[in-house]
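Listed here are the chains, written in short residue letters.
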Amino acid sequence: MTDISLRKRLETLISEYSHRAEAIERDLSREHAQSFSEQATERQNDMVLQGLLADARVSIKEVQHALVRLDEGTYGECEVCGELISAARLDALPAARQCINCAE
Ligand SMILES: [Zn+2]
């Protein structure tokens, strides 16, 4: 994959994760229900949503790091052993920072 299409792909990922995070934030900021039992259900849902929101934010950071590494010319190098991360792994996980051996 060329740097330009890779950059596009990473930027697309960031905007997807951002949209997801925004949608979750909207859900979390909705009006609260009146009844006690509904509020209990809402709190459980909110906990799930907050977990998803945290995941989305971590994913955004990971992809932003990948873009920085792309700028620095270190994209695709394992941060642990310095070997090149396989193309198949990067294809599946474009923000991967470690080769398959070091990740395991
Ligand atoms: Zn490694």
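Since we're looking at a predicted model, the values are computed, not measured.

A.B. asks: With reference to specific residues and values, describe the overall build of the chain.
C.D. replies: Counting its regular elements, the chain contains four helices and zero strands. Going from N to C terminus, the chain has its helices and strands arranged as α-α-α-α. Against the compact-globule benchmark of 13 Å for 104 residues, the chain has a radius of gyration of 18 Å, which places it well outside the compact range. Across its three principal axes, the chain shows a C-alpha extent of roughly 55 × 30 × 20 Å. Taking all 104 residues of the chain together, 12% fall into the buried category. Look at the contacts in the chain between residues 6 or more apart in sequence, and 52% of them connect residues 24 or more apart.

A.B. asks: Before we move on, could you go through the environment of Glu79 and cite the residues and values that matter?
C.D. replies: As for its placement among the helices and strands, Glu79 is situated in the loop between helix H2 (36–72) and helix H3 (87–92). Overall, the presence of 14 C-beta atoms within 10 Å leaves Glu79 in the partly exposed class. Put simply, Glu79 and Ala96 are 17 residues apart on the chain and 9.5 Å apart in space, counted from C-alpha to C-alpha. The residues contacting Glu79, other than those within four sequence positions of it, are Arg97 and Gln98.

A.B. asks: I'd like a rundown of the environment of Arg57, residues and numbers included.
C.D. replies: Inspection of the secondary structure assignment puts Arg57 in helix H2. The exposure class of Arg57 is partly exposed, given the 15 C-beta atoms found within 10 Å. The spatial distance from the C-alpha of Arg57 to the C-alpha of Arg20 is 9.5 Å, given a sequence separation of 37 residues.

A.B. asks: Can you explain helix H1 (residues 3–28)? Please cite residues and give values.
C.D. replies: The first and last C-alpha atoms of H1 sit 37 Å apart over 26 residues, in line with the 38 Å expected at 1.5 Å per residue. Where H1 is concerned, the buried positions are Leu10, Tyr17 and Ile24. Residues of H1 that are buried sit in contact with H2.

A.B. asks: Which residues make up the environment of Glu38, and what values go with them?
C.D. replies: Counting through the fold element by element, Glu38 comes out in helix H2. Sequence separation between Glu38 and Lys8 is 30 residues; the distance between their C-alpha atoms is 43 Å.

A.B. asks: Just give me the short version of the packing of H1 against H2, but keep the residues and values in it.
C.D. replies: Axis angle and axis distance: for two packed helices, these are the angle between their axes and the distance between the axes, and together they describe the pair. Axis separation between H1 and H2 bottoms out at 9 Å; the angle between their running directions is 160°. As the angle between them shows, H1 and H2 are arranged roughly antiparallel. H2 is crossed by H1, and the crossing has left-handed handedness. The class makeup of the residues in the contact of H1 with H2 is 17 nonpolar, three polar and seven charged.

A.B. asks: Please set out H2 residue by residue, giving values where relevant.
C.D. replies: Taking 1.5 Å of rise per residue, the 37 residues of H2 would be expected to cover 54 Å, and the 53 Å separating its terminal C-alpha atoms lies within 8% of that figure. For H2, the set of buried residues is Ala56, Val63 and Ala66. Buried residues belonging to H2 abut H1. Positive phi shows up at Gly73, right after H2, with a value of about 80°.

Basis of the calculations
- Residues numbered from 1 in each chain as written.
- Predicted model: local features only at pLDDT ≥ 70, side-chain atom pairs only at ≥ 80, totals over all residues.
- Helix = DSSP H or I, 4+ residues; strand = E, 2+ residues; numbered from the N terminus.
- Rg over C-alpha atoms; globule rule 2.2 N^0.38 Å.
- Buried ≥ 20, exposed ≤ 12 C-beta atoms within 10 Å, placed from the backbone.
- Contact = placed C-beta atoms within 7 Å.
- Expected span 1.5 Å × (residues − 1).
- Axes fitted to C-alpha atoms, helices over the stretch in contact; angles between N-to-C directions.
- Parallel < 35°, antiparallel > 145°, perpendicular 65-115°, else oblique.
- Left-handed = near helix turned anticlockwise from the far one by under 90°.
- Nonpolar A, V, L, I, M, F, W, Y, C, P; charged D, E, K, R; others polar.

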